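# Chains, contacts and geometry: an overview
The residues making up each chain are set out below.
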Amino acid sequence: MTHPTQDLGAYLIAALSRDEEQAVTEHLAECELCGALLLELAETLPALAQVDAAAQSDLARRAAGSGSDEVAARRPAAGRNRGSRWHRRQTTRLLGVLAAAAVVLAATVFGARALEAGGHGGSEARGVTPTSAAQAGNGSGLPSALTRTFAYTGDDEVSVTVTAASYGSEVNVHCSNHRVSPPPGSPANTAVFALWIVRTDGAVVQVSSWPTVYGDKLIPGAVNFSPQEMAKLELRDGNGALLSSEPA
Amino acid sequence: MQERRGEGGDRLDDAAMRALAAEHGAVLRAIAVRLTGGDIGRAEDAVQEALIRAWQHPEVLDTSRGSTRGWLVTTVRRILVDAHRAREARPIVVTGSVPDVADPLPRESEVDRLLEQTVVLDALAALSPPHREAIVQCYYVGRTVADAADHLGLPPGTVKSRLFYGLRALRAALAERGVNQ
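What comes next is a walk through the structure.

Residues and elements named next belong to chain A. Read from one edge of the open sheet, four strands run β6-β5-β9-β10, paired in antiparallel fashion. Each end of this open sheet is capped by a strand with a single partner; those strands are β6 (204–211) and β10 (242–246). Along the sheet, successive strands turn relative to each other by an average axial angle of 20°, direction set aside. Sheet analysis places strand β5 (residues 192–199) next to strand β9 (residues 230–237), joined by seven bridges and oriented antiparallel. Along β9, the bridge assignment pairs L195 with L235.

As structure tokens, then:
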């Protein structure tokens, strides 16, 4: 099945042609993956609706007026964010107690398995370990294209692909789990994972977050800085606790 | 976007209502079915209710086509969440891979609204300029992908891709600022 993934944003805000729109609607009727991606995109709509008419025309004028200059001039302030605010890791919005309980449960279930597998040492391992190191960085930042895999010692595997793009970097997370449904007795989809990037200037940015995946899922993401500006990829749980990082 | 006012001025007439349903109904249904975990009856009810609310508040339609749809999708979610809260005995089964529906932000006072707007503008400012521009052109200005591609001198596929990744990046930027959930 070909997924119209990149049409989903335009679909949501009514920017596709009739025919394209109809094709996406038909696809959504039978595709869980695209349906879930669409709902995630839809989470931005209440926020977009907060912008009043004056601010909207300001945005439009700025975009139109100086396609590169003024907007580019704003970019360092907005994108390079070295302020302490960015260092504060705002994780309170995540699912709180429930997620914490689920993560503990996951760590308990999967931690035992890690020991069985003779993995890597003890309960501090928290069930996650980086398994494949890709090309070494050249002293500053990550290579312009790389894939790193965080192998969850339970059932999940998380791999992150970073690719340089004209606007910065594409950061796609691929999760796979040999289970297609929750193990008996465990709550479905309650553990939350998040990918963070530590930049070479010390700023920390959350790129994406997702609940436990059963089967396969691609979680696309993007940031406005290059792979060379990334010092480290971090896999964290829903409470912001570090599970694993690459490089370690 | 075209005027859709009825003769009375404040409410949409039947033809305008049908046009609104024809323009957004199928997409709203696809999203609502997803949000209810496949309950077509409840999805349909929520879509009808959202269209009626639009009919009662035609001022929300005096915006771009993109933001009209945004308002309708947000309203469908709001209706489903409220229905869910009203009868907790039969919870809505939200599709497994999505944490929860986000409520539209509360509008308790003008001050609150401006604070929220500041956060949203800050999140938009954190996007790369190409991502931000695609969102502004298609959502706020109300261009279609084809129009925006023409206006920006880009292939349509690039505009679509920027909208998709731009909205993804916006979602992450909002999350970092504590917005949603």
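All right, on to the interface of chain A and chain B then. When the parts come together, some accessible area is lost, and that loss is often what is quoted as the size of the interface. The interface of chain A with chain B comprises 68 residues on the first partner and 72 residues on the second. In total, chain A and chain B occlude about 6500 Å² of area from one another, counting both sides; carbon and sulfur atoms represent 60% of this. With its nearest N and O atoms 3.4 Å apart, the salt bridge here joins B:K160 to A:D7. If you look at where chain A meets chain B, you find 19 residue pairs in polar contact (both at pLDDT 80 or more). Considering each element in turn, the side of chain A that touches chain B owes the most residues, nine residues, to helix α3 (residues 32–42) of chain A. The class makeup of the residues in the side of chain A that touches chain B is 38 nonpolar, 16 polar and 14 charged.

Let's shift gears to the pairing of β5(A). Residue and element names in this part refer to chain A. Of all the eight residues making up β5, eight are buried; the element is thus mostly covered by neighbouring parts of the structure. Here β5 shows no split at all, with V192, A194, W196 and V198 on one side and F193, L195, I197 and R199 on the other all buried. The sheet contact formed by β5 and β6 spans seven bridges and is antiparallel. Bridged to A194 within β6 is S209. Between β5 and β6, which pair antiparallel in sequence order, lie four residues; one of them, G202, sits at a positive phi of approximately 95°.

So, how was this worked out
- Residues numbered from 1 in each chain as written.
- Chains lettered and ligands numbered in written order.
- Predicted model: local features only at pLDDT ≥ 70, side-chain atom pairs only at ≥ 80, totals over all residues.
- Heavy atoms only, no water.
- Pairing = 2+ DSSP bridges.
- Helix = DSSP H or I, 4+ residues; strand = E, 2+ residues; numbered from the N terminus.
- Axes fitted to C-alpha atoms, helices over the stretch in contact; angles between N-to-C directions.
- Contact = heavy atoms within 4.5 Å.
- Buried area = accessible area lost by both parts, 1.4 Å probe.
- Salt bridge = Lys/Arg side-chain N within 4 Å of Asp/Glu carboxyl O.
- Polar contact = N/O pair within 3.5 Å; in protein donor to acceptor, adjacent residues only side chain to side chain.
- Nonpolar A, V, L, I, M, F, W, Y, C, P; charged D, E, K, R; others polar.
- Buried < 20%, exposed > 50% of the residue type's maximum accessible area, 1.4 Å probe, protein only.

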